[in-house]
Structures are given as C-alpha cells and as structure tokens.
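# Fold and geometry: a report
Residues per chain are reported as follows:
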Amino acid sequence: MADVTYSIDEVMDIDKLFNLLDIPIDGETSISDGDLTYNFYTISNLENEEKDVLLSIGFKEFKESIFFIETKELRTIEVLRYLLPMYQKKEIEYWDEIIEKLVSINEKKIVFTPTSKQLRITFKWKGKLAQNEDEFRSLISDLCLLFRDSCKRNNNKYKISEKCLSHDFWKIIGNLRNYYYSHDPEQWGEDAVKEFSEKAKFSYEYLFSSSTVKKSPIDFINAQFKLLNKCIDFLDIVSKDV
C-alpha cells in the first residue's frame with residue numbers, strides 16, 4: 001500500500017483513494033449530462049474483496065471491469081473502516097522505530113528506566129489508533145509514563161539535557177497530562193489551573209490546528225501520527241546527547 005503520513009485530509013480525492021487502497025486503474029473518463037458528471041474507471045484483475053469495497057463506498061458496476069461514481073471526492077470518515085488497516089500498519093512502523101531508539105539509548109546509558117509498565121504500554125499501543133478524546137487522553141497518559149516518569153532521578157530531576165526538555169514532544173505530553181488531570185483549583189490553585197489550560201490550548205492548536213472545534217476520528221489519528229513523529233525526533237536528539 002502507499003505510504004501514509006500524519007496528514008490525513010477530511011476529504012479524499014478518488015484517485016488518491018485508489019492509490020491508498022492499492023487498486024491500480026487501467027483508465028478513466030468522465031461523462032456529463034449537464035447536471036451530473038459520472039466518473040468511469042476501468043479496473044482489471046480486481047479481487048472480489050476489492051470489488052466489495054468499491055461497491056460499499058458508492059461505486060456502481062457498469063459492466064465487467066468498469067465502475068462509475070458520481071463524485072471525484074469522498075469524505076475520509078465515510079471510508080475510514082477500509083483505510084484503518086493501512087493506518088494501523090503505519091502506526092506499528094512508528095512504534096517499531098520508537099522502541100528501537102529507546103533500546104539504543106538505554107544501551108548507551110539508562111535514560112528511560114525500563115519497567116513492566118513500559119512493556120505494557122508499547123504492547124498496548126502498537127497498532128492502536130486513538131479515535132476519540134478518551135483514547136487520546138489515555139495515549140497522553142501512557143506516553144508520560146513511558147518517557148517522563150521513567151526519566152526521573154531520585155531527586156525528581158530529569159536525566160536529559162535542557163535542550164531535550166525544551167523539545168515540543170516533551171512539552172506537549174507534559175502540558176496535556178497536566179491539563180487532563182489537574183482541573184481542581186482547590187488542590188492546584190487557580191493560577192496553576194489557568195496556566196495548565198493555556199499551555200494545553202497551544203498544544204491542541206499544534207496537534208489539531210484548533211483548540212475548540214469538535215474533532216473527528218481523523219483528527220485524532222492525525223494528532224497521534226504527528227505526536228509519534230515528534231517522539232522520534234525527540235529520541236534522536238536524546239540519543240545524540242548521551
């Protein structure tokens with residue numbers, strides 16, 4: 001299948017969809033009656049499963065090997081269940097890279113103290129896509145356990161340099177965890193809660209391009225991919241420092 005980046009558009013061009021589904025097109029043409037435009041695609045050697053997918057997402061069979069649809073674009077959310085295996089595969093690749101970098105760093109110097117919790121977290125998230133607020137909150141919590149909590153010394157100071165501490169990945173997961181779990185003004189103080197909220201707002205705007213708009217599963221998957229990419233960059237910087 002085609003490569004997937006962390007930028008998944010809300011609306012997907014039909015040609016891009018074919019590419020992502022790894023369905024090669026032999027030819028295409030459009031016919032218009034003035035009001036409607038019908039887009040025809042010739043597809044040879046189509047497997048039954050692939051044919052079922054096309055029919056499920058709105059294509060109609062004109063005759064053998066020829067299918068048509070009355071649009072050049074589809075909302076990604078409408079075809080998400082067919083694309084999830086591909087997104088899951090990409091997410092697994094990210095985690096494989098993250099785990100390899102973690103092991104490589106700790107072979108030089110124990111920066112992220114290995115624990116059974118870390119094993120559970122990596123096992124839990126390899127192939128798991130956050131598609132709503134609760135799942136994304138759980139991801140943030142687990143990333144903090146995996147990286148921030150495991151990186152503390154006995155005096156609660158961190159084992160990494162100021163350069164690493166200022167990295168976007170490190171700040172984002174910390175800011176969002178504080179926001180998610182520190183809403184009580186009586187415990188934290190109104191000023192602290194306000195500070196957590198402001199920092200979380202900037203983190204949300206970076207991951208979701210907005211801090212308030214209602215989010216779709218696509219938004220959460222995009223944010224997860226963006227966060228894992230930032231994690232890989234963060235680990236590269238840590239590796240250079242140890």
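Residues numbered from 1 in each chain as written. Predicted model: local features only at pLDDT ≥ 70, side-chain atom pairs only at ≥ 80, totals over all residues. Heavy atoms only, no water.

## Concerning the overall build of the protein chain
Regarding its fold elements, the protein chain presents 10 helices and six strands. In terms of overall dimensions, the protein chain is more spread out than a globule: its C-alpha atoms have a radius of gyration of 22 Å, far above the 18 Å expected for 242 residues. Expressed as lengths along the three principal axes of its C-alpha atoms, the size of the protein chain is roughly 75 × 45 × 25 Å. Within the protein chain, the fraction of its 242 residues that count as buried is 42%. In the protein chain, of all internal contacts separated by at least 6 residues, the share reaching a separation of at least 24 is 67%. As displayed, the protein chain offers around 13,500 Å² of accessible surface, 48% of which is attributable to carbon and sulfur atoms. Side-chain charges in the protein chain split into 34 positive and 43 negative, and the spacing between the mean points of these groups amounts to 9 Å. (Helix = DSSP H or I, 4+ residues; strand = E, 2+ residues; numbered from the N terminus. Rg over C-alpha atoms; globule rule 2.2 N^0.38 Å. Buried < 20%, exposed > 50% of the residue type's maximum accessible area, 1.4 Å probe, protein only. Contact = heavy atoms within 4.5 Å. Areas by Shrake-Rupley, 256 points an atom, 1.4 Å probe, with all protein chains shown as cover. Lys, Arg positive; Asp, Glu negative; His and termini not counted. Charge placed at Lys NZ, Arg CZ, Asp CG, Glu CD.)

## Some details on the confidence of the model for the protein chain
Confidence in the prediction for the protein chain averages 89 pLDDT; 91% of positions are at 70 or higher. At the level of individual helices and strands, the protein chain shows its lowest average pLDDT in helix α8 (residues 185–188), which scores 54, and its highest in helix α6 (residues 162–165), which scores 96. (pLDDT = per-residue confidence, 0-100.)

## Let's talk about the pattern of salt bridges
Here the structure, examined in full by the defined rule, presents 13 salt bridges. Asp9 is the salt-bridge partner of Lys16, the closest N and O atoms lying 4.0 Å from each other. When its relative accessible area of 40% is taken as the criterion, Asp9 is described as partly exposed. Among the salt bridges present, the one from Asp236 reaches Lys101, with a minimum N-O distance of 2.7 Å. Highlighted residues: Asp236 in helix α10 (residues 217–241) and Lys101 in helix α3 (residues 80–108), separated in sequence by 135 residues. Relative accessible area serves as the criterion here: at 30%, Asp236 is assigned to the partly exposed category. Through salt bridges that share partners, Asp15, Glu28 and Lys72 make up one connected network. (Salt bridge = Lys/Arg side-chain N within 4 Å of Asp/Glu carboxyl O.)

## Re the pairing of strand β3 (residues 37–42)
Summarising the sheet, strand β2 (residues 27–32) and β3 pair through six bridges and their orientation is antiparallel. Bridge pairing in β3 links Gly27 to Thr42. Connecting β2 to the next strand, β3, in antiparallel fashion are four residues, including Gly34 with a positive phi near 100°. Where β3 and strand β5 (residues 66–69) come together, four bridges link them in antiparallel fashion. If you follow Phe40 over to β5, its bridge partner there is Phe68. (Pairing = 2+ DSSP bridges.)

## Concerning the packing of aromatic side chains
Within this structure, the stated rule accounts for 20 aromatic pairs. A ring pair is formed by Tyr179 and Tyr180, whose centres lie 6.0 Å apart and whose planes are at 50°; its orientation type is tilted. Judged by relative accessible area, which is 27%, Tyr179 ranks as partly exposed. Grouping aromatic residues by their ring pairs yields a cluster made of Phe112, Phe147, Tyr158, Phe169, Trp170 and Phe234. (Phe/Tyr/Trp six-rings, centres within 6.5 Å; stacked < 30°, edge-to-face > 60°.)

## A short note on the environment of Ile43
Structurally, the position occupied by Ile43 is in the loop between β3 and α2 (48–56). Overall, Ile43 belongs to the buried group, its relative accessible area being 2%. For the pair Ile43 and Glu28, spaced 15 residues apart in sequence, the C-alpha to C-alpha distance is 9.1 Å. Each residue touching Ile43, except ones within four places of it in the same chain, is listed here: Phe18, Ile23, Pro24, Ile25, Asp26, Leu54, Ser65 and Phe67.

## Here we look at the sheet that holds β5
Pairing between the strands of a sheet is mediated by backbone hydrogen bonds and can be parallel or antiparallel. Spatially, the four strands line up as an open sheet ordered β2-β3-β5-β4, and their pairing is antiparallel. Only two strands of the sheet have a single neighbouring strand rather than two, namely β2 and β4 (60–63). For this sheet, the mean inter-axis angle between neighbouring strands, taken without regard to orientation, is 30°. Note that β4 and β5 share three bridges and pair antiparallel. (Axes fitted to C-alpha atoms, helices over the stretch in contact; angles between N-to-C directions.)

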